[in-house]
Amino acid sequence: PPPYHPDPSNPPTPPQPHPPPTPPPYYPPPSPPPYYPPPSPPPYYPPPSPTPPPYYPPPSPPYYPPTPDPDPYPYPDPDPTPAPDVIRSVTVNLAVKNKVLDLAKWGLVNDDYEGYEVVAISGNLVPNSPTKTVVQLIADGVVVASQTNPGKKLRLVPNDSIVWGDVTTLKLKVIGSTKITNLSIRLR
């Protein structure tokens, strides 16, 4: 190339001084991280002691009071020697048909036996009819015992307690026909 000749009319621009470099922006130093205290250790709970099972005392055997010996006679008899039943009998030897016999008139009961209970009337019969025969015991007009077709044995037991004295008439009524050999009354 041709040698460089400076142009006197256009002198070269002198080199401009460089401006001073811009200082870098100021950044404050970073703050230290906030202080967090170390975490507290968890509270101490002592290990649970094993709970013993509840104590139940052994059950006591039930108490049974001793049974007293039973009284062989829990209900003492007010009269330890009760009087035996009184049995009064009479011989009749009478054929009766649809008839009423007054037992007091036949001597089976009287005032001596006032307060005695009439237990039974019994007797021996001789059947003399093929038809139905009914024998009734009547106290003060009320039928208290009855036997149908008694055959040879009569037995009348009052269905209620009959006490001579509380009742004043005691009769035997024969409906039909039979022969009465004898009669007995049991009093108590």
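Quantities reported herein were computed from a predicted structural model and do not represent experimental measurements. (Residues numbered from 1 in each chain as written. Predicted model: local features only at pLDDT ≥ 70, side-chain atom pairs only at ≥ 80, totals over all residues. Heavy atoms only, no water.)

Asks: Honestly, the nonpolar core in this entry has me stumped. Any pointers?
Replies: Most often, soluble globular proteins keep nonpolar side chains buried together rather than apart. Counting 29 residues, the largest nonpolar core has Leu-172, Ile-180 and Leu-183 as the members making the most contacts within it. With seven residues, strand β7 (residues 170-187) is the largest single contributor of residues to this core. Residues contacting Ile-180, with those up to four places away along its chain left out, are Val-92, Asn-93, Leu-94, Val-96, Leu-101, Asn-124, Leu-125, Leu-172 and Val-174. (Core = buried A, V, L, I, M, F, W, Y, C linked by side-chain atoms within 4.5 Å. Buried < 20%, exposed > 50% of the residue type's maximum accessible area, 1.4 Å probe, protein only. Helix = DSSP H or I, 4+ residues; strand = E, 2+ residues; numbered from the N terminus. Contact = heavy atoms within 4.5 Å.)

Asks: Before we go on, may I ask you to explain the packing of aromatic side chains in this structure?
Replies: We describe a pair of aromatic rings using the distance from one ring centre to the other and the angle between the two ring planes. This model, assessed by the stated rule, comprises one aromatic pair. Taking the centre distance of 5.5 Å and the plane angle of 80° together, the rings of Tyr-113 and Tyr-116 count as edge-to-face. Residue Tyr-113 is classed as buried on the basis of its relative accessible area of 15%. Looking at Tyr-116, the relative accessible area reads 30%, which means it is partly exposed. (Phe/Tyr/Trp six-rings, centres within 6.5 Å; stacked < 30°, edge-to-face > 60°.)

Asks: Would you mind going over the pattern of salt bridges with me for this structure?
Replies: Proximity of charged atoms lets side chains of opposite charge pair with each other. Summed over the entire model, instances satisfying the criterion amount to two salt bridges. Residues Arg-186 and Asp-85 are paired through a salt bridge, measuring 3.4 Å at the closest nitrogen-oxygen approach. One end of the pair, Arg-186, is in strand β7; the other, Asp-85, is in the segment before β1 (86-102), with 101 residues separating them in the sequence. Classification of Arg-186 as partly exposed rests on a relative accessible area of 31%. In the salt-bridge network here, residues are joined through shared partners; they are Asp-85, Arg-186 and Arg-188. (Salt bridge = Lys/Arg side-chain N within 4 Å of Asp/Glu carboxyl O.)

Asks: Can you walk me through a negative patch on the surface in this structure?
Replies: Residues Asp-111, Asp-112, Glu-114 and Asp-166 make up a contiguous surface patch of negative charge. Tracing the backbone shows Asp-166 in the loop between β6 (162-163) and β7. (Patch = residues over 30% accessible without salt bridge, like charges linked within 9 Å, V, L, I, M, F, W, Y side chains within 5 Å. Areas by Shrake-Rupley, 256 points an atom, 1.4 Å probe, with all protein chains shown as cover. Lys, Arg positive; Asp, Glu negative; His and termini not counted. Charge placed at Lys NZ, Arg CZ, Asp CG, Glu CD.)

Asks: Would you explain the pairing of strand β3 (residues 134-139) in this entry?
Replies: Along any regular strand the residues' side chains alternate between the sheet's two faces. With six of six residues buried, β3 is to be regarded as a mostly interior element. With six bridges connecting them, β3 and strand β4 (residues 142-148) associate as antiparallel partners. When the bridges of β4 are listed, Val-135 appears paired with Gln-147. Where β3 meets β7, six bridges bridge the pair, whose relative direction is antiparallel. In the strand pairing of β7, Gln-136 is matched with Lys-173. (Pairing = 2+ DSSP bridges.)

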